[in-house]
Amino acid sequence: QVQLVQSGGASVQPGGSLRLSCVASGNIFSIHDMNWYRQAPGKQRELVATINITSSANYADSVKGRFTISRDNAKKTVYLQMNNLKPEDTAVYYCNALVVVREPHVAYDSWGQGTQVTVSS
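What you are looking at is a predicted structure, and each value in this text was computed from that prediction instead of being measured. (Residues numbered from 1 in each chain as written. Predicted model: local features only at pLDDT ≥ 70, side-chain atom pairs only at ≥ 80, totals over all residues. Heavy atoms only, no water.)

1. Some words on the sheet that holds strand E8 (residues 77-82)
Okay, so step 1: Reading across the sheet, the 4 strands line up as E1-E3-E8-E7 and stay open at both edges, with antiparallel pairing between neighbours. For this open sheet the edge positions go to strand E1 (2-7) and strand E7 (67-72), each flanked by a neighbour on one side alone. Averaged over all pairs of adjacent strands, the angle between their axes in this sheet comes to 15°, without regard to strand direction.
Okay, so step 2: Both strand E3 (residues 18-26) and E8 contribute to a ladder of 6 bridges, which runs antiparallel. Bridge assignment links Ser21 to a residue of E8, and that residue is Tyr79. (Pairing = 2+ DSSP bridges. Helix = DSSP H or I, 4+ residues; strand = E, 2+ residues; numbered from the N terminus. Axes fitted to C-alpha atoms, helices over the stretch in contact; angles between N-to-C directions.)

2. Some remarks on the environment of Thr90
Okay, so step 1: As for its placement among the helices and strands, Thr90 is situated in the loop between E8 and strand E9 (91-101).
Okay, so step 2: Placed 50 residues apart in sequence, Thr90 and Ala40 show a C-alpha to C-alpha distance of 6.5 Å.
Okay, so step 3: With residues up to four places along the chain from it excluded, the contact list for Thr90 reads Ala40, Gln116, Val117, Thr118 and Val119.
Okay, so step 4: Here the side chain of Thr90 touches Pro87 through a polar contact of 2.9 Å, landing on its backbone oxygen.
Okay, so step 5: Here the side chain of Thr90 touches Val119 through a polar contact of 2.9 Å, landing on its backbone nitrogen. (Contact = heavy atoms within 4.5 Å. Polar contact = N/O pair within 3.5 Å; in protein donor to acceptor, adjacent residues only side chain to side chain.)

Spatial relationships are all this shows, so hold off on functional conclusions.
Rendered as structure tokens:
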């Protein structure tokens, strides 16, 4: 019913920047909260940033001032602009969204496929 497709992962040096994108497709009626999570090796998945349908955003303390989440509702896309990247930002990043499909109006907690971000000198 719903698919989230991510792009933008890469390897960068400390201090570098990356932008992740996540596009939703399918029989979509509306998209509510859109989120970015990450999971580093040996660690639990953590919430990095979240943005609601009115574009009000919140961030994990570890990324505040460096990462910016945004969304384009017309394009059904959420972005994560990551600046001043640090080695501890290395992880697989996942987008997540609560998507309501058309008739019937059922909500799906949908996930992207994950994309690797590696920050290393």
